[in-house]
Amino acid sequence: MMNNDNSITAETKLYGYIAEEAHSSRFSVTLNKLYKENRVNAMMIPMNIRPDDVVFTISQMRSSKLNGAIIANEYQEEAFALMDDLSESAAANGHCDCVRIEEGKLIGDLIMPEALQRYADRDDFPDEIAMRSMCHYFYELTTGERV
C-alpha cells in the first residue's frame, strides 16, 4: 500500500518515464495519482534524458533499482534495439513503449495500442477524434496506416 506521505520504501515498485521533456509532461503525476488512489505501492519517476544519453540510460537499467519504464515516442525505436527479449507485439511493430526488468534482463513490450483500444471500445468513450489526435498508435489501430 502507498504511504500517505508519498515516501518510497524498499517495497515500492519504481518505474521510470523516459522522455526528453519528461518533467514537463503530466504523465508521471497522473500515474502516481492513480497508484495512490488504487493503493498501489508504486512510483513513476520522470527522467529527462537527452538523445545522446538514451542508449546508455536504457542499457544501464539492467542493474538499476527500477522495475521498468515507459518510453516516450521519441525513444521507442532506440529502446527496441537494446532489449534482451521482446513481446510478440513489440517484435512485430519494430518498437517498444514499455520495458520490464526481470532478473537483469530488459524485456520490451508494446502496451499503449492495446490500452487505447480497450479504452476506445468502452461504451462510455466520449470522443474518438480526441483520442486519435492524442496518439499516433490509435491512428494506426483504427486506420491500419503507420505514421
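Residues numbered from 1 in each chain as written. Predicted model: local features only at pLDDT ≥ 70, side-chain atom pairs only at ≥ 80, totals over all residues. Heavy atoms only, no water.

1. Things to note about the overall build of the protein
Helices and strands together make up the secondary structure of the protein, namely seven helices and six strands. Reading the protein from its N end, one meets helices and strands in the order β-α-β-α-β-α-β-α-β-β-α-α-α. For the protein, long-range pairs separated by at least 24 residues make up 56% of all intrachain contacts whose partners lie at least 6 apart in sequence. When the accessible surface of the protein is totalled, it reaches about 9100 Å², and 50% of it is carbon and sulfur. (Helix = DSSP H or I, 4+ residues; strand = E, 2+ residues; numbered from the N terminus. Contact = heavy atoms within 4.5 Å. Areas by Shrake-Rupley, 256 points an atom, 1.4 Å probe, with all protein chains shown as cover.)

2. Describing the nonpolar core
Soluble globular proteins tend to pack their nonpolar side chains together in the buried interior. Counting 21 residues, the largest nonpolar core has Ile 18, Ile 58, Met 61, Ile 71, Met 83 and Leu 106 as its most contacted members. For this core, the secondary structure elements donating two or more residues are β1 (13-19), β2 (42-48), α2 (54-59), β3 (68-71), α3 (76-82) and β5 (98-102). Membership of the second largest hydrophobic core comes to ten residues, among which are Tyr 17, Ala 42, Met 44 and Ile 70. (Core = buried A, V, L, I, M, F, W, Y, C linked by side-chain atoms within 4.5 Å. Buried < 20%, exposed > 50% of the residue type's maximum accessible area, 1.4 Å probe, protein only.)

3. Examining the pattern of salt bridges
Under the counting rule described, the total for this entry stands at five salt bridges. Put simply, Arg 50 and Asp 52 hold a salt bridge, and the shortest N to O gap is 3.2 Å. Notably, a salt bridge pairs Arg 100 with Glu 102, separated by 3.0 Å at the nearest N-O pair. Each of Arg 50, Asp 52 and Asp 53 takes part in salt bridges that share partners, so that together they form one network. (Salt bridge = Lys/Arg side-chain N within 4 Å of Asp/Glu carboxyl O.)

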